[in-house]
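Chain and residue survey
Letter by letter, the chains look like this.
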Amino acid sequence: MYEGVIQNLIDELGQLPGVGPKGAQRIAFHLLAADPADVRRLAAALVEVKERVRFCRSCGNVAEEEECRICRDPLRDLAVICVVEEPKDVVAIERTREFRGRYHVLGGAISPIDGIGPDDLRIKELMARLADGTVSELILATDPNLEGEATATYLARLVKPMGLRVTRPASGLPVGGDLEYADEVTLGRAFEGRRLLDV
Ligand SMILES: [Zn+2]
């Protein structure tokens, strides 16, 4: 539709989640009109995030060192692990200030339709963390949708022989949605009122 570099930019932007062809076009023309220094800062931030951010070797959260800020925090409760799908869920739960344990980021949820099975998630790593008996409660805070529920049930069955307290945030979260879309108060309450998951 456009020539060369503008179309390249629109095509690249159009690959981003939540950005359709119209949005890509709008962003591209916004950038064209923007101050060159602002655009350079954006470009630098894109490159920097790929160069500097890695994944925490214990929990799988985003980190700038071997371990993330939460895993390195000596004040966090070692007895509780909250299992989530993505790093953005960690941010959502941290915002509630209801949780003082540590996290485990799976990197997705079980979804046969998308060809994602247990082996594609960081479940082996979770089992390794549970092996030494330090953890007494596992909170399964996967998304309140089909894939999230299936993943929680799978994990609850898997760890059942270990005799942990396995809980799931209470209902009241928007069903079918993403954890990150729940507001802080709702998510905080869901955490407080978490119930035992009996499988
Ligand atoms: Zn970590």
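Scroll up for the structure.
Here's what I pulled together on the structure shown here. What you are looking at is a predicted structure, and each value in this text was computed from that prediction instead of being measured.

Next up on the list: the coordination of the zinc ion. Those donors, Cys56 (SG), Cys59 (SG), Cys68 (SG) and Cys71 (SG), are the protein atoms that reach the zinc ion, and they lie 2.2 to 2.3 Å from it. Taken together, the 4 donor atoms surrounding the zinc ion define angles of 104 to 118 degrees at the centre, an arrangement classified as tetrahedral. The sequence motif formed by the donor residues of the zinc ion is C-x2-C-x8-C-x2-C. Residue Cys56 is located in the loop between β1 (54–55) and β2 (62–63), and its partner Cys68 is located in the loop between β2 and α4 (69–72); the two are separated by 12 residues in the primary sequence.

This part is about the side chain of Gln7. Within the element layout of this structure, Gln7 appears in helix α1 (residues 4–14). Contact partners of Gln7, with chain neighbours within four places excluded, come to Met1 and Tyr2.

Let us now look at unusual backbone geometry. Here Arg97, not a glycine, exhibits a phi torsion of approximately 60 degrees, which is positive. Structurally, Arg97 can be placed in the loop between α5 (87–96) and β4 (102–105). Looking at Arg97, the relative accessible area reads 73%, which means it is exposed.

At a minimum axis distance of 12 Å, the contact between helix α6 (residues 123–130) and helix α7 (residues 146–159) shows a crossing angle of 40 degrees. In this structure, α6 crosses over α7, and the sense of that crossing is right-handed. The residues of α7 that touch α6, namely those facing Ile123, Leu126, Met127 and Leu130, are Tyr154, Leu155, Leu158 and Val159. Considered class by class, the residues forming the contact of α6 with α7 number 8 nonpolar, no polar and no charged.

Enumeration over the complete set of coordinates arrives at 3 aromatic pairs. Relative to Tyr103, the ring of Phe99 lies with its centre 5.1 Å away and its plane at 65 degrees, an arrangement referred to as edge-to-face. Taken individually, Phe99 and Tyr103 each receive the classification buried, so the pair is uniform in this respect. Taken together, the ring pairs in this structure connect Phe99, Tyr103 and Phe191 into an aromatic cluster.

We now examine the pattern of salt bridges. Scanning the model with the defined rule gives 12 salt bridges in all. Across the pair Asp38 and Arg41 runs a salt bridge, and its minimum N-O distance is 2.8 Å. Of this pair, Asp38 and Arg41 both sit in helix α3 (residues 36–52), 3 residues apart, roughly one helical turn. A residue is classified by how much of its surface remains accessible, and Arg41, at 55% relative accessible area, is exposed. One salt bridge in this structure joins Asp73 and Arg100, with 3.9 Å as the shortest N-O distance. Of the two residues, Asp73 is situated in the loop between α4 and β3 (80–84) and Arg100 in the loop between α5 and β4; the sequence distance between them amounts to 27 residues.

Analysis parameters
Residues numbered from 1 in each chain as written. Predicted model: local features only at pLDDT ≥ 70, side-chain atom pairs only at ≥ 80, totals over all residues. Heavy atoms only, no water. Donors = N, O, S within 2.8 Å, 3.2 Å for Na, K, Ca; no water. Tetrahedral: all angles 85-135°; square planar, octahedral: opposite > 155°, others 65-115°. Helix = DSSP H or I, 4+ residues; strand = E, 2+ residues; numbered from the N terminus. Contact = heavy atoms within 4.5 Å. Buried < 20%, exposed > 50% of the residue type's maximum accessible area, 1.4 Å probe, protein only. Axes fitted to C-alpha atoms, helices over the stretch in contact; angles between N-to-C directions. Left-handed = near helix turned anticlockwise from the far one by under 90°. Nonpolar A, V, L, I, M, F, W, Y, C, P; charged D, E, K, R; others polar. Phe/Tyr/Trp six-rings, centres within 6.5 Å; stacked < 30°, edge-to-face > 60°. Salt bridge = Lys/Arg side-chain N within 4 Å of Asp/Glu carboxyl O.

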